[in-house]
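# Per-entry structural report
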Amino acid sequence: MSYVDEILERVAKENPGQPEFLQAVTEVLESLRPVISRNEDLYRRDAILERLTTPERSILFRVPWIDDSGKVHVNNGYRVQFNSAIGPYKGGLRFHPSVNLGVIKFLGFEQVLKNSLTGLPIGGGKGGSDFDPKGKSDREVMAFCQSFMTELYRHIGPDTDVPAGDSGVGGREIGYLYGYYQRICNRYEGVLTGKGLTFGGSKARTEATGYGLLYLTEEMLRCNGHTLSGKTIAVSGAGNVATYAIEKAEQLGAKVVTCSDSTGWIYDPEGIDVALLKDVKEVRRARLTEYAKARPSAVYHEGRGVWTVKCDIALPCATQNELHLEDAQALVANGVIAVAEGANMPTTLDATKYFQDHNVLFCPGKASNAGGVATSALEMSQNSERLSWTFEEVDAKLKGIMVNIFHNLDDAAKEYGMAGNYVAGANIAGFLKVVNAMLAQGIV
Ligand code: NDP
Ligand code: 2IT
């Protein structure tokens, strides 16, 4: 049996009930076959794939907190420190009822390769909780964050593990988490990223994932003889990534006609009004029905449906496995030319294959959404030197990083005879750096 097949069997057996983790590992290892077969003996000797697919450390903890009526709740907390071969663990915290160990492990595994692709010295980790911030008061969210940090603080540090935001964890939550860390540790240091601008945050971090997605998409289009300007784009999601993807797409001359949340979606043929979207989602924390009420050109639909709209480019920015085979078929039938993932693993394996088989340019999230974590690493640099850079400086670095990532994956795919397969290119380029560091550091 090949080394890859052996590991896929082992991962399936050792991680029952973790379908997302198995899906992420399968996607990566399948596309790494040519690289692994070139070095099979060496990688087997050092158990590289067993180590790559096993987190260095998984921390599971209880998070008790009290709601506004005095009732006690208990949630599950997680931090999976996946791989520190190339730097301290780095990756977000997700607060969402769907969070479980398998979800955090899939995100942590993807993060290892993503962080490698940024070219910056950061290892991979991920954490979070099944706590649902929706409908909670600020005081309840603060109580939860403080309880979460009461355990998390002993596992993190600016040179050990640096968490940040992800779904359900934005500026408000990072503020509460940071304030409590500072209080109980008595240290003012860069232990979290995505902080507010008055206490060590980096300019452009809020915008970075969405902006970075568009910088990479623009470069991918340019290198394949297309332009972004003038294109019609379908975006899913209406959170941090989606909002700033829409903003940058419109700045670059494209028209974004959709966005969505977990209950429904908006079709706005005049182009999404970003200022209104921010007001509805960031200020009022309301549903998208409020957007439709305030915008005569917009239509609100219940349920799923973003991918039925005719568009040139699709940017899934909501959550994992939100774009299925039938969605890919509808997009291809409507003439889509490019798909770039803003979310982590939003496209199912069969939908990804369908795009690739139909010559749609397809960029996987670990490359196209790496701008967020890359800018987090820039925040760490600024915290270390106790300086803060201008928006323009950070944005220019972000753009350079995204363009560079695209060329790295393009080159890696070509080198292994898979030109245009950016999934393989991203996995190969991300993997090689991590593996070379692991080989050099011995059996740890
Ligand atoms: P947010 O919590 O800010 O927003 C998530 C958005 O997606 C919300 O509009 C949410 O709707 C919607 N959504 C969630 N689940 C579903 C669903 N099942 N169907 C339809 N819509 C859904 O998260 P982010 O924007 O930060 O993250 C989005 C994705 O991007 C995640 O996969 C995350 O891992 C990834 N990512 C985030 C980065 C960051 O810097 N924030 C960096 C790189 C990747 P509702 O409000 O109704 O729940
Ligand atoms: O998925 C991701 O890359 C993030 N949520 C951002 C992580 C970070 O450390 O900024």
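Here we summarise the structure given alongside this text. From a predicted model like this one, the values you see are computed outputs, not experimental measurements.

## Observations concerning the pattern of salt bridges
- Tallying each qualifying case throughout the model produces 29 salt bridges.
- With a shortest N-O distance of 2.7 Å, R94 and D166 are connected by a salt bridge. Placement of R94 in strand β3 (residues 89-95) and of D166 in the loop between β5 (161-165) and α7 (171-185) is noted, with a sequence separation of 72 residues between them. Across this residue pair, the class does not change: R94 and D166 are buried.

## So, the sheet that holds strand β2 (residues 72-83)
- Spatial strand order, β1-β2-β4-β3-β5: five strands in an open sheet with mixed pairing. At either margin of the open sheet sits one strand with a lone partner, and together these are β1 (57-66) and β5. Going from strand to strand, the sheet's axes swing by 20° on average, the running direction of each strand aside.
- In this sheet, β5 lies alongside β3 in parallel orientation, the contact comprising five bridges. Paired with L93 across the bridge in β5 is G165.

## Focus: the packing of aromatic side chains
- Under the counting rule described, the total for this entry stands at 18 aromatic pairs.
- Here F21 and F109 contribute two aromatic rings whose centre-to-centre distance is 6.1 Å and whose plane-to-plane angle is 90°, an arrangement assigned as edge-to-face. Placement of F21 in helix α2 (residues 19-38) and of F109 in helix α5 (residues 101-117) is noted, with a sequence separation of 88 residues between them.
- For the ring pair Y43 and F431, a centre distance of 5.7 Å and an interplane angle of 80° mean the geometry is edge-to-face.

## Concerning the layout of surface pockets
- The computed volume of the second largest pocket comes to approximately 510 Å³.
- Lining the second largest pocket we find 27 residues, and of these M380, S381, Q382, N383 and S384 sit closest to its centre.
- The dominant element in the lining of the second largest pocket, judged by the number of residues it contributes, is helix α15 (residues 371-385), at seven residues.

## Re the site of ligand 2
- Taken together, 14 residues are adjacent to ligand 2, and K90, K114, K126, D166 and S376 come closest.
- Measuring from an oxygen atom of ligand 2, one finds a side-chain N or O atom of Q111 at 3.0 Å.
- A distance of 2.5 Å separates an oxygen atom of ligand 2 from a polar side-chain atom of S376.
- Residue assignment for the shell around ligand 2 shows that the elements contributing at least two residues are β3, α5, β5 and α15.
- Across the shell around ligand 2, the residue classes tally to two nonpolar, seven polar and five charged.

## Digging into empty space enclosed by the protein
- Inspection of the entire model under this criterion finds one cavity of 30 Å³ or more.
- Residue assignment for the lining of the largest cavity shows that the elements contributing at least two residues are α2, α13 (349-357) and α14 (365-368).
- Of the residues belonging to the lining of the largest cavity, the class tally is five nonpolar, four polar and four charged.

## Comments concerning the site of ligand 1
- The environment of ligand 1 is formed by 24 residues, the closest being K134, D166, T209, S262 and N344.
- Side-chain polar atom of S167 to an oxygen atom of ligand 1: 3.4 Å apart, as the coordinates give it.
- Here an oxygen atom of ligand 1 and a backbone polar atom of G239 are 3.5 Å apart.
- For the shell around ligand 1, the elements supplying multiple residues, two or more each, are α8 (205-223) and α9 (240-251).
- Here the residues of the shell around ligand 1 are counted per class, giving five nonpolar, twelve polar and seven charged.

## Structural notes on the nonpolar core
- Residues I233, I266, Y291 and L315 are the most contacted members of the largest nonpolar core, which totals 58 residues.
- Among the elements that take part in this core, α8 stands out by supplying eight residues, more than any other.
- In this structure L315 touches L213, L214, T217, I233, A234, V235, S236, W307 and A340, once residues within four positions along its chain are discounted.
- L32, I36, V99 and A412 belong to the second-largest nonpolar core, a separate cluster that totals 40 residues.

## Observations regarding the pairing of strand β7 (residues 255-260)
- Among the six residues of β7, five are classified as buried, and the element is accordingly described as predominantly covered.
- Note that strand β6 (residues 232-236) and β7 share three bridges and pair parallel. Residue pairing across strands places T232 opposite K255, the latter belonging to β7.
- Following the chain from β6 across α9 to the adjacent parallel β7, one finds a crossover that is right-handed.
- Where β7 lies against strand β8 (residues 264-267), three bridges are found, and the strand directions are antiparallel. Its bridge partner lying in β8, C259 is registered against I266.
- Between the antiparallel neighbours β7 and β8 lie three residues.

Criteria and cut-off values
- Residues numbered from 1 in each chain as written.
- Chains lettered and ligands numbered in written order.
- Predicted model: local features only at pLDDT ≥ 70, side-chain atom pairs only at ≥ 80, totals over all residues.
- Heavy atoms only, no water.
- Salt bridge = Lys/Arg side-chain N within 4 Å of Asp/Glu carboxyl O.
- Helix = DSSP H or I, 4+ residues; strand = E, 2+ residues; numbered from the N terminus.
- Buried < 20%, exposed > 50% of the residue type's maximum accessible area, 1.4 Å probe, protein only.
- Pairing = 2+ DSSP bridges.
- Axes fitted to C-alpha atoms, helices over the stretch in contact; angles between N-to-C directions.
- Phe/Tyr/Trp six-rings, centres within 6.5 Å; stacked < 30°, edge-to-face > 60°.
- 1 Å grid on protein atoms, 1.4 Å probe; cavity = no way out; pocket = protein on both sides within 12 Å on 5 of 7 lines; lining within 4 Å.
- Points joined across faces, edges and corners; volume = space filled by probe spheres on them.
- Near = heavy atom within 4 Å.
- Polar contact = N/O pair within 3.5 Å; in protein donor to acceptor, adjacent residues only side chain to side chain.
- Nonpolar A, V, L, I, M, F, W, Y, C, P; charged D, E, K, R; others polar.
- Core = buried A, V, L, I, M, F, W, Y, C linked by side-chain atoms within 4.5 Å.
- Contact = heavy atoms within 4.5 Å.
- Right-handed = clockwise from strand over helix to strand, strands pointing away.

No statement about biological role is implied by the geometric values presented.
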